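In case you want the letters, here they are:
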Amino acid sequence: MTERPRKLYVKSYGCQMNVYDAQRMADALAPQGYVETNSADDADLIVLNTCHIREKAADKVYSELGRIREMKENRGEDGKDVMVAVAGCVAQAEGAEILKRAKVVDLVVGPQAYHRLPQLLSDARSGKVVDTDFPVEDKFRVLPAPRARGVTSFLTIQEGCDKFCTFCVVPYTRGAEMSRPVAALVAEAERLAAAGVRELSLLGQNVNAFHGEGPDGRTWDLARLLHRLADIPGIARLRYMTSHPRDMTDDLIRAHRDLPQVMPYLHLPVQAGSDRVLDEMNRKHGAEEYIRIIERMREVRPDIAISGDFIVGFPGETEADFEATMDLVRTVRYASAFSFKYSPRPGTPAADMDSQVPEAEKDRRLYALQALLEEQRQEFNRACAGRELDVLLDRIGQRPGQLAGRSPYLQPVQIDGAGHAVGDIVTVRVTDVARNSFFAVPVNAKPAETRATDVMEATA
C-alpha cells in the first residue's frame with residue numbers, strides 16, 4: 001500500500017519575491033513527499049509566508065494564526081495532525097516572539113533559511129524551532145532545481161538591499177545586497193525554457209543593483225545579464241522588478257532599446273515628489289532626476305509604460321510636499337502604480353521621527369492620489385483600444401473556446417482561442433477595453449462581434 005502524499009498549503013503575502021519563495025519552499029519539500037494544495041483545510045503542513053512592509057503586517061499574521069488554531073484543534077479531535085510554520089519577513093522580524101504569542105506555531109523560519117525546511121520540520125516534531133539566521137551557505141546552491149509552473153516564471157537574481165530608506169525594513173529582514181552568479185542564473189533559465197517557459201520576470205528587492213559574478217570572472221550588471229538571457233532559445237520575454245532610480249544605468253536604459261525580449265514596461269518606484277521628503281526618506285535622488293530617467297526611457301523606447309510606488313503621509317509631509325507628488329504624477333503619467341499610507345515599521349529611523357501625519361490627513365491624501373493614478377491607468381488602457389499588441393497566452397479563458405494571456409503592459413487579454421494554444425505569442429487587435437482587462441481578436445482572424453457588457457461579465 002503506497003503512503004498518502006502529504007499536502008502542503010502556502011499562503012503568501014506581499015511582493016512577487018514571496019510568491020517565488022513559496023514556490024521554492026514547495027520545491028524543497030517535494031522530495032519529502034509534499035504536494036501542493038489550494039486549501040488549508042486538508043493540509044498536513046501550513047506555511048504563512050509573510051511580508052513586513054505594510055501597516056499591521058504582523059497583526060494580520062496573528063489573526064490568520066487564530067483561525068488556523070481553531071482548525072488545528074478540530075482536526076486534532078479527529079486524530080489528524082497538522083504542522084504550522086511562519087516564514088518570510090515577519091518571521092525574521094518577530095522571531096521567537098511568534099512562538100510566545102501563537103502556540104499553534106511549530107516552526108519560525110526567516111527568508112534566508114527556507115532551504116533548510118526539511119531538516120527544520122524534522123526538528124520541529126521534537127520541539128518548536130526558530131531559525132532566523134543569515135546562513136553562510138548560499139540557499140540557491142542547496143535548493144533543488146525550480147519546477148516550471150506554466151509559461152511564465154519568476155527568477156530571483158538578487159536579494160537584500162543596501163539603500164537603507166528610512167521607512168523600509170528590507171535591509172533588516174532580507175539582509176545586505178547579494179547577487180547570484182550569472183552561470184547559475186543562466187542554467188536555471190535554460191531549465192525553465194526547456195520546460196516551456198516563455199517569459200521570465202527577474203526579481204530582487206533592488207533588482208537593478210545586480211552585480212553577479214560572470215563566467216569570465218568579472219562582475220556583470222543587469223544590462224549584461226539581460227543580453228545573455230535574451231540569447232536563450234525559447235525565452236521570448238524578459239521583465240525585471242523592483243528597481244531603484246539610482247541604479248538605472250545608461251546600459252540598462254539602452255537594453256530596453258536594443259533587446260526586443262525586454263518588455264516595454266518599467267516599474268520604477270519614486271515614493272514622493274518632494275525633494276525635501278525624498279531627502280528625509282534617504283532616497284538619494286530628487287524628483288527632477290527621476291523625471292529625467294523617465295524622459296530618457298521614453299526617448300529610447302517611446303512605447304514604454306511606466307509603473308511606480310508612492311507613500312503618502314511620510315513624517316513631516318506638508319500639503320506642499322503632497323502637491324509636489326501630485327505634480328510629479330501629472331508630469332510622468334503612469335500606466336499603473338501602487339500607493340500606500342505611510343505606516344511606521346518598528347526599528348526603522350522614520351518610525352521615531354517627529355511630525356507624524358494624522359491618519360485622517362493620510363486618508364485624504366491617499367484618496368486624492370489614487371484617484372489621479374486610476375484616471376491615468378484608465379486613460380492608458382483606453383489608448384490601447386484598436387492597437388495591435390503581442391499577447392503571450394498563459395491560461396484557459398473564462399468562457400468556452402477562450403484563451404487568455406498578458407499584454408506587454410501586463411493587462412489581462414482574452415481572445416477566441418481557435419487555432420492557438422497556451423504558450424503561443426499572438427498578435428492581436430484590442431477591440432474592447434473593460435476596467436481591468438482587454439478583449440481582442442488575432443489580427444489575421446475575422447473580427448468577432450463583441451459587446452462591452454460581455455467583456456465586463458467575463459472579467460468580473
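- The protein chain carries the name tRNA-2-methylthio-N(6)-dimethylallyladenosine synthase in an unreviewed UniProt entry, which gives Agaricicola taiwanensis as its organism.
- Turning to the protein chain, the UniProt annotation filed under Subunit (unreviewed entry) states: "Monomer."
- Regarding the protein chain, the relevant UniProt record gives this comment under Sequence similarities (unreviewed entry): "Belongs to the methylthiotransferase family. MiaB subfamily."

1. With respect to the packing of helix 1 (residues 16–29) against helix 5 (residues 117–124)
Link 1 in the chain: Two elements in contact, helix 1 and helix 5, have axes whose closest approach is 9 Å; the angle formed by their N-to-C orientations is 70°. Here helix 1 lies roughly perpendicular to helix 5, going by the angle between them. Contact with helix 1, carried on its side by Met25, Ala28 and Leu29, involves Leu117, Pro118 and Leu121 of helix 5 and no other residues of that element.

2. Quick word on helix 13 (residues 319–332)
Link 1 in the chain: When the terminal C-alpha atoms of helix 13 are compared, their 20 Å separation across 14 residues agrees well with the 20 Å that a helix rising 1.5 Å per residue should span.
Link 2 in the chain: Among the residues of helix 13, Asp321, Phe322, Thr325, Met326, Leu328, Val329 and Val332 are the ones counted as buried. Summarising the axial view, the buried residues of helix 13 lie within an arc of 155°, below the 170-degree limit, and thus occupy one face.
Link 3 in the chain: Elements that come into contact with the buried residues of helix 13 comprise helix 11 (275–280), helix 12 (287–300), strand 15 (305–312) and helix 14 (359–383).
Link 4 in the chain: Downstream of helix 13 by one or two residues, arginine 333 has phi in the positive range, about 65°.

3. Points about the nonpolar core
Link 1 in the chain: By size, the foremost hydrophobic cluster in this structure holds 53 residues, and its most contacted members are Leu202, Leu226 and Tyr334.
Link 2 in the chain: Beyond its immediate chain neighbours, meaning those up to four positions away, tyrosine 334 contacts Val270, Tyr290, Ile306, Ser307, Gly308, Phe310, Leu328, Val329, Leu373, Gln376 and Arg377.

4. Structural notes on the packing of aromatic side chains
Link 1 in the chain: Scanning all chains against the criterion turns up four aromatic pairs.
Link 2 in the chain: Considering the side-chain rings of phenylalanine 164 and tyrosine 172, the 5.8 Å spacing of their centres and the 75° angle between planes classify their relative orientation as edge-to-face.
Link 3 in the chain: Take tyrosine 172: its relative accessible area is 39%, and that puts it in the partly exposed class.
Link 4 in the chain: Ring geometry for phenylalanine 380 against tyrosine 409: centres 5.1 Å apart, planes inclined by 85°, an arrangement best described as edge-to-face. One end of the pair, phenylalanine 380, is in helix 14; the other, tyrosine 409, is in the loop between strand 18 (402–406) and strand 19 (412–416), with 29 residues separating them in the sequence.
Link 5 in the chain: Given the relative accessible area of 6%, tyrosine 409 is considered buried.
Link 6 in the chain: One cation-aromatic arrangement involves arginine 101 over tyrosine 62; the distance from NZ or CZ to the ring centre is 3.7 Å.

5. As for the sheet that holds strand 20 (residues 425–433)
Link 1 in the chain: Ordered by their spatial adjacency, five strands build a closed barrel running 17-18-19-21-20, and the pairing between neighbours is mixed. Taking the axes of each pair of neighbouring strands and ignoring which way they run, one obtains an average angle of 55° across the sheet.
Link 2 in the chain: Across two bridges, strand 19 lies against strand 21 (residues 438–442) in parallel orientation. Its bridge partner being in strand 21, valine 413 is matched across the sheet by phenylalanine 438.

6. Focus on the pattern of salt bridges
Should their charged atoms come close, side chains of opposite charge can pair.
Link 1 in the chain: All told, the structure shown has 37 salt bridges when counted by the stated rule.
Link 2 in the chain: In this structure, arginine 180 and glutamate 188 form a salt bridge, with 2.9 Å as the shortest nitrogen-oxygen distance. Across the pair, exposure class does not vary: arginine 180 and glutamate 188 are buried alike.
Link 3 in the chain: Glutamate 359 is the salt-bridge partner of lysine 362, the closest N and O atoms lying 3.0 Å from each other.

Rules of the game
Residues numbered from 1 in each chain as written. Predicted model: local features only at pLDDT ≥ 70, side-chain atom pairs only at ≥ 80, totals over all residues. Heavy atoms only, no water. UniProt positions renumbered as here; feature names shortened; annotations may be inferred. Axes fitted to C-alpha atoms, helices over the stretch in contact; angles between N-to-C directions. Helix = DSSP H or I, 4+ residues; strand = E, 2+ residues; numbered from the N terminus. Parallel < 35°, antiparallel > 145°, perpendicular 65-115°, else oblique. Contact = heavy atoms within 4.5 Å. Expected span 1.5 Å × (residues − 1). Buried < 20%, exposed > 50% of the residue type's maximum accessible area, 1.4 Å probe, protein only. Arc of directions from axis to C-beta. Core = buried A, V, L, I, M, F, W, Y, C linked by side-chain atoms within 4.5 Å. Phe/Tyr/Trp six-rings, centres within 6.5 Å; stacked < 30°, edge-to-face > 60°. Lys NZ or Arg CZ within 6 Å of the ring centre and 35° of its normal. Pairing = 2+ DSSP bridges. Salt bridge = Lys/Arg side-chain N within 4 Å of Asp/Glu carboxyl O.

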